[in-house]
Amino acid sequence: IGGNAMVWHFRIGYVVLGLLAFRLVWGLVGGRWSRFASFVYAPATLMRYLRGQRSPGDQLDVGHSPVGALSVFALLGLLGFQVGTGLFAWDENFEMGGPLNRFIGSGLATTLTGWHEEVGESALLGLVLLHVAAVLFYRVAKRRDLVRPMLVGDKLLPAQTPASADGLGPRLLARASAVACAAGGVWGGRLGG
């Protein structure tokens, strides 16, 4: 593309790194329905969900459904792969590399760059398209809006559904985690010298 496209590529990569780090931290210490533990489902639960069967006490649609959970973990894993390979990649056209490129040999850098540019990019675009298609399917075919609850953080649930902690403490923890992850992204970006 030319110009300062690679500079922006790096900046956006650091933002993604910070957001990814925040989501991983928040998946461990966040609100009840944000924690990974609330949406790691057994294979039997996934199969039951796909067949449309419910067991007493199931709360499969409060946060992420079993299928949505698979998508979340796939996106997080693939984003981690893409960011991780990008940190070590080298672009011959611009003679620029990721901030950690100087710590590895050129052979490994070439391999990681290939994965970053070919495998990761294609897989990530495919998964994002699949994710958007699933959200549209739920909206049109099942008449369920998945986007609004994700953006505002609220949706109507049965009265017996346990609430997610949303007081001052969790909000301060979220802000502190976000600041720490952003600082970590900046620090990581400066490793390249």
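From a predicted model like this one, the values you see are computed outputs, not experimental measurements.

The subject of this paragraph is the environment of His64. Mapped onto the secondary structure, His64 falls in the loop between α2 (43-50) and α3 (66-88). His64 sits in the partly exposed class, given a relative accessible area of 27%. When the C-alpha positions of His64 and Val152 are compared, they lie 15 Å apart, and in sequence the two are 88 residues distant. Look past the residues within four positions of His64 in its chain and what remains in contact with it is Arg23, Phe39, Tyr41, Ala69 and Val72.

Relative to each other, α3 and helix α4 (residues 106-140) sit at 155°, their axes nearing to 9 Å. Classed by the angle they form, the pair α3 and α4 counts as roughly antiparallel. Relative to α4, the crossing made by α3 is left-handed. Counting all contacts with α3, which are made through Ser71, Ala74, Leu75, Leu78, Leu79, Phe81, Gln82, Thr85, Gly86 and Phe88, the residues of α4 involved are Ala109, Leu112, Trp115, His116, Gly120, Glu121, Ala123, Leu124, Leu127, Val128 and His131. The residue inventory of the contact of α3 with α4, partitioned by class, reads 13 nonpolar, seven polar and one charged.

As a further point, take the nonpolar core. Grouped burial of nonpolar side chains is what soluble globular proteins tend to show. Within the largest apolar cluster, six residues are counted, these being Leu20, Phe36, Phe39, Ala69, Val72 and Leu76. Among the elements that make up this core, the one with the highest residue count is α3 (three residues). Discounting residues that sit within four places of it in the chain, Ala69 has contacts with Phe39, Tyr41 and His64.

For the protein, the average pLDDT comes to 85, and 94% of its residues sit at 70 or higher. Per-element confidence in the protein is highest for α3, whose mean pLDDT is 92, and lowest for helix α5 (residues 147-152), whose mean pLDDT is 80.

What follows deals with the packing of aromatic side chains. Under the criterion given, the structure shown has seven aromatic pairs. Taken together, a centroid distance of 5.8 Å and an interplanar angle of 15° make the contact between Phe22 and Trp26 stacked. Taken together, the residues Phe22 and Trp26, both in helix α1 (residues 5-29) and four residues apart, mark about one turn of the helix. Take Phe22: its relative accessible area is 22%, and that puts it in the partly exposed class. Considering the side-chain rings of Phe137 and Tyr138, the 6.0 Å spacing of their centres and the 90° angle between planes classify their relative orientation as edge-to-face. What makes Phe137 partly exposed here is its relative accessible area of 45%. Classification of Tyr138 by relative accessible area gives buried; the value is 13%. In textbook terms, an aromatic cluster arises when at least three aromatic residues are bridged by ring pairs, as seen for Phe36, Phe39 and Phe73. Looking at Arg11, its charged tip hangs above the ring of Trp8, at a distance of 4.6 Å from the centre.

The next subject is the environment of Ala182. Position of Ala182 relative to the elements: it lies in helix α6 (residues 168-190). In this structure Ala182 comes out as partly exposed when scored by relative accessible area, which is 43%. Each C-alpha atom of the pair Ala182 and Ala141 lies 39 Å from the other, and the pair is 41 residues apart in sequence.

So, about a nonpolar patch on the surface. On the surface, Val25, Leu28, Val29 and Leu173 cluster together to form a nonpolar patch covering roughly 320 Å² of accessible area. When residues of the nonpolar patch are assigned to their parent elements, the largest contribution, three residues, is made by α1. As for its placement among the helices and strands, Leu173 is situated in helix α6. For Leu173, a relative accessible area of 36% corresponds to the partly exposed category.

So, how was this worked out
- Residues numbered from 1 in each chain as written.
- Predicted model: local features only at pLDDT ≥ 70, side-chain atom pairs only at ≥ 80, totals over all residues.
- Heavy atoms only, no water.
- Helix = DSSP H or I, 4+ residues; strand = E, 2+ residues; numbered from the N terminus.
- Buried < 20%, exposed > 50% of the residue type's maximum accessible area, 1.4 Å probe, protein only.
- Contact = heavy atoms within 4.5 Å.
- Axes fitted to C-alpha atoms, helices over the stretch in contact; angles between N-to-C directions.
- Parallel < 35°, antiparallel > 145°, perpendicular 65-115°, else oblique.
- Left-handed = near helix turned anticlockwise from the far one by under 90°.
- Nonpolar A, V, L, I, M, F, W, Y, C, P; charged D, E, K, R; others polar.
- Core = buried A, V, L, I, M, F, W, Y, C linked by side-chain atoms within 4.5 Å.
- pLDDT = per-residue confidence, 0-100.
- Phe/Tyr/Trp six-rings, centres within 6.5 Å; stacked < 30°, edge-to-face > 60°.
- Lys NZ or Arg CZ within 6 Å of the ring centre and 35° of its normal.
- Patch = residues over 30% accessible without salt bridge, like charges linked within 9 Å, V, L, I, M, F, W, Y side chains within 5 Å.
- Areas by Shrake-Rupley, 256 points an atom, 1.4 Å probe, with all protein chains shown as cover.
- Salt bridge = Lys/Arg side-chain N within 4 Å of Asp/Glu carboxyl O.

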